[in-house]
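A closer look at the structure
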Amino acid sequence: MCSLPPRPGENGRPKDPGAINGGFYKKSADMPAQYPSIVIAVGDIREAMKKLRSRCKVLDEPMEIPGYGLYISFFDTESNRVSMMQPTTM
């Protein structure tokens, strides 16, 4: 699931429209909760969960956030907590 982000342009923004720019903090024992909150929009959250379950630990079932959509969290292959949302409107 994880890959290196594309190198940003001179203004710090992604060079290619639609690309994701960023990364994870290095983990350390003295700051165990230092991590970004990554939320990935998907068209079908249950289908995406099926694909994740073979590689990742999915936490619980989707919960509805009224006015926003269905939300789920999971741990990726490197134990980073990541979330997915199926927006009410896409």
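Shown above is the structure to which this text applies.
I will try to describe carefully the structure that is included in this document. (Residues numbered from 1 in each chain as written. Predicted model: local features only at pLDDT ≥ 70, side-chain atom pairs only at ≥ 80, totals over all residues. Heavy atoms only, no water.)

The subject of this paragraph is the environment of E64. Mapped onto the elements of the fold, E64 is located in strand 2 (residues 57-65). Residue classification places E64 among the exposed residues on the basis of a relative accessible area of 60%. Here the alpha-carbon distance between E64 and Q86, two residues 22 residues apart in the chain, equals 9.4 Å. (Helix = DSSP H or I, 4+ residues; strand = E, 2+ residues; numbered from the N terminus. Buried < 20%, exposed > 50% of the residue type's maximum accessible area, 1.4 Å probe, protein only.)

So, about the pairing of strand 3 (residues 69-75). One face of the sheet, then the other: side chains in a regular strand alternate in exactly this way. With 6 bridges connecting them, strand 2 and strand 3 associate as antiparallel partners. The residue bridging V58 from the neighbouring strand is F74, located in strand 3. Taking the residues between adjacent antiparallel strands as the criterion, strand 2 and strand 3 are bridged by 3 residues, where G67 takes a positive phi near 85°. In this sheet, strand 4 (residues 81-87) lies alongside strand 3 in antiparallel orientation, the contact comprising 7 bridges. Residue pairing for strand 4: I72 is matched across the bridge by M84. (Pairing = 2+ DSSP bridges.)

Right, let's get into the environment of M85. Relative to the assigned elements, M85 resides in strand 4. Relative accessible area serves as the criterion here: at 16%, M85 is assigned to the buried category. The sequence separation of M85 and Y71 amounts to 14 residues, and the corresponding C-alpha distance is 4.5 Å. In contact with M85, not counting residues within four places along its chain, are V39, I40, A41, V42, I45, I65, Y68, L70 and Y71. (Contact = heavy atoms within 4.5 Å.)

Counting 11 residues, the largest nonpolar core is built from V42, I45, A48, M49, L52, C56, V58, I72, F74, V82 and M84. If you list the elements that add at least two residues to this core, you get helix 1 (45-53), strand 3 and strand 4. The contact partners of I72, leaving out residues within four places of it in the chain, are I45, M49, V58, L59, D60, E61, P62, V82, S83 and M84. (Core = buried A, V, L, I, M, F, W, Y, C linked by side-chain atoms within 4.5 Å.)

Let us look at the sheet that holds strand 2. Pairing within the open sheet is mixed, and its 4 strands lie in the order 1-4-3-2. Both outer strands of the open sheet, strand 1 (39-41) and strand 2, are each paired with one neighbouring strand and no more. Averaged over all adjacent pairs, the angle separating strand axes in this sheet is 25°, with direction ignored. The pairing of strand 1 with strand 4 spans 3 bridges and is parallel. The partner of V39 across the bridge, within strand 4, is S83. (Axes fitted to C-alpha atoms, helices over the stretch in contact; angles between N-to-C directions.)

Glancing now at helix 1. Taken as a whole, helix 1 has its buried residues at I45, A48, M49 and L52. Projection of helix 1 onto a plane perpendicular to its axis shows the buried side chains occupying an angular sector of 105°, all on one side. Away from its buried face, by an angle of more than 90 degrees, helix 1 presents the exposed residues K50 and K51. Contacts from the buried residues of helix 1 go to strand 2, strand 3 and strand 4. Looking at where helix 1 begins, the residue whose side-chain oxygen comes 3.2 Å from the main-chain nitrogen of R46 is D44. (Arc of directions from axis to C-beta. Polar contact = N/O pair within 3.5 Å; in protein donor to acceptor, adjacent residues only side chain to side chain.)

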